[in-house]
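Summary of structural features
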Amino acid sequence: MVITIDGPAGSGKSTVAKIVAKELGFLYLDTGAIYRALGYLALSKGIDLNDEDKVVKLIDEMELDIKIQEGSQRIYLNKEDISEKIRTEEIGMAASTVSKHPKVRKALLDLQRRFALKNNLVAEGRDTGTVVFPEAKVKIFLTATPEVRAKRRLKELKEKGMHVNYNEILESILKRDRQDSERETAPLKPADDAVIIDTSELTVEEVVEKVLKEVKKYGGRY
Ligand code: DC
């Protein structure tokens, strides 16, 4: 069984997806980390993020290893653990830019789908319900106002010891929303059969409960 959780930056996807995966004993896949790894590699090599052919070529040089350790996902790029490094807003924006290229998205599809071959999976991202796993049994789309999302992101980054400012985060979130929603290939949007949850006024526990309720509709049939 596959459960997809999509939504914009700061909508609570990662937090909720991790808890839901743990509760159900499913594997957790953060697809954004894959685009972040590519954005990170492109930036570190000084490659123009808008140059589709150059970026797609980088994928061949990219040895990605995604492991689950103590319930959280670790991502290794050419043997280096980059899990923490890729969490900045700068890399988030780079990920958003490289991810708009159709050839890049196509090249990364199989890698994501492989995770569902042998496992029950909770996948989170932007297009996991629409493109990567269109047959998923339960599809969730989380939203929240940009202001709430910026506050959450601010808290999260500050907790990691980063120096960030609310207005910059809000601006970055709005820019990323625009770029992710307006691209032609696999734009950020709910699947037709997705359950949309506005998390602005909800606690994490309340969102998790709503997601698990959707899963329970399938009883023990997964
Ligand atoms: O979820 P995130 O913030 O780690 O994602 C970073 C960027 O990667 C996001 O702004 C757009 C891109 N992305 C995507 O295009 N498709 C996905 N399934 C996941 C992320």
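Residues numbered from 1 in each chain as written. Predicted model: local features only at pLDDT ≥ 70, side-chain atom pairs only at ≥ 80, totals over all residues. Heavy atoms only, no water.

Bringing the site of the ligand into the picture now. Lining the immediate surroundings of the ligand are 16 residues, of which Arg36, Arg105, Asp127, Arg176 and Asp180 lie closest. Between the ligand and arginine 126 there is a distance of 2.9 Å, counted from an oxygen atom to a side-chain nitrogen or oxygen. Within the side chain of aspartate 127, an N or O atom sits 2.8 Å from a nitrogen atom of the ligand. Expressed as a share of its isolated accessible area of 450 Å², the protein-covered part of the ligand is 98%. Here the ligand is seated within the largest pocket. Breaking the shell around the ligand down by element, the ones donating at least two residues are helix H2 (32–44), helix H4 (89–98) and helix H9 (166–182). The biggest single contributor to the shell around the ligand is H2, with three residues. When grouped by side-chain class, the residues that make up the shell around the ligand number two nonpolar, five polar and nine charged. (Near = heavy atom within 4 Å. Polar contact = N/O pair within 3.5 Å; in protein donor to acceptor, adjacent residues only side chain to side chain. Areas by Shrake-Rupley, 256 points an atom, 1.4 Å probe, with all protein chains shown as cover. 1 Å grid on protein atoms, 1.4 Å probe; cavity = no way out; pocket = protein on both sides within 12 Å on 5 of 7 lines; lining within 4 Å. Sits in = over half its atoms within 2 Å of the grid points. Helix = DSSP H or I, 4+ residues; strand = E, 2+ residues; numbered from the N terminus. Nonpolar A, V, L, I, M, F, W, Y, C, P; charged D, E, K, R; others polar.)

Turning our attention to H9. Look at H9: 24 Å from first C-alpha to last across 17 residues, which is about the 24 Å you get at 1.5 Å a residue. Turning to H9, its buried residues number three or more, namely Ile169, Leu170, Ser172, Ile173, Arg176, Asp177 and Asp180. The arc that holds the buried residues of H9, viewed along the axis, is 165°, so those residues lie on one side. Pointing more than 90 degrees away from the buried face of H9 are the exposed residues Asn167, Glu168, Glu171 and Glu182. Packed against the buried residues of H9 are H2, H4 and helix H8 (146–159). N-cap assignment for H9: the residue whose side-chain oxygen lies 3.0 Å from the backbone N of asparagine 167 is asparagine 165. (Expected span 1.5 Å × (residues − 1). Buried < 20%, exposed > 50% of the residue type's maximum accessible area, 1.4 Å probe, protein only. Arc of directions from axis to C-beta. Contact = heavy atoms within 4.5 Å.)

Further remarks concern the packing of H4 against H9. Packing of H4 against H9 brings their axes to within 10 Å, and their N-to-C directions diverge by 15°. Classified by the angle their axes make, H4 and H9 are roughly parallel. In this structure, H4 crosses over H9, and the sense of that crossing is left-handed. In this structure, H4 contributes Glu89, Gly92, Met93, Ser96 and Thr97 to the contact, and H9 contributes Ile169, Ser172, Lys175, Arg176, Gln179 and Asp180. In terms of residue class, the contact of H4 with H9 is made up of two nonpolar, five polar and four charged. (Axes fitted to C-alpha atoms, helices over the stretch in contact; angles between N-to-C directions. Parallel < 35°, antiparallel > 145°, perpendicular 65-115°, else oblique. Left-handed = near helix turned anticlockwise from the far one by under 90°.)

To continue, consider the nonpolar core. Formed by 37 residues in total, the largest nonpolar core has its most connected members in Leu38, Leu64, Ile75, Val104 and Leu108. Looking at this core, the elements that each hand over two or more residues are H2, helix H3 (52–61), strand E3 (64–69), strand E4 (72–77), H4, helix H6 (109–114) and strand E6 (121–125). Contacts of leucine 38, omitting those with residues within four sequence positions, involve Val55, Leu58, Ile59, Met62, Val98, Val104 and Leu108. By size, the runner-up hydrophobic cluster in this structure holds 19 residues, among which are Val20, Ile197, Val207 and Leu212. (Core = buried A, V, L, I, M, F, W, Y, C linked by side-chain atoms within 4.5 Å.)

Turning to the sheet that holds strand E7 (residues 138–143), a few remarks are in order. Pairing is parallel in the open sheet, where five strands are placed in the order E2-E6-E1-E7-E8. Of all strands in the sheet, those with a lone pairing partner are strand E2 (27–30) and strand E8 (195–198), marking the two edges. Averaged over neighbouring strand pairs, the angle between their axes works out to 20° when direction is ignored. Pairing geometry for E7 and E8, over four bridges, is parallel. Within E8, the position partnered with phenylalanine 141 by the bridge is isoleucine 196. Packed on one face of the sheet, helix H1 (residues 13–24) meets strand E1 (2–6), E2, E6 and E7 and runs near 180° to E6. (Pairing = 2+ DSSP bridges.)

We now examine the packing of aromatic side chains. In this structure the tally under the stated criterion is zero aromatic pairs. Positioned over the ring face of tyrosine 76 is lysine 67, at 4.7 Å from the centre of the ring. (Phe/Tyr/Trp six-rings, centres within 6.5 Å; stacked < 30°, edge-to-face > 60°. Lys NZ or Arg CZ within 6 Å of the ring centre and 35° of its normal.)

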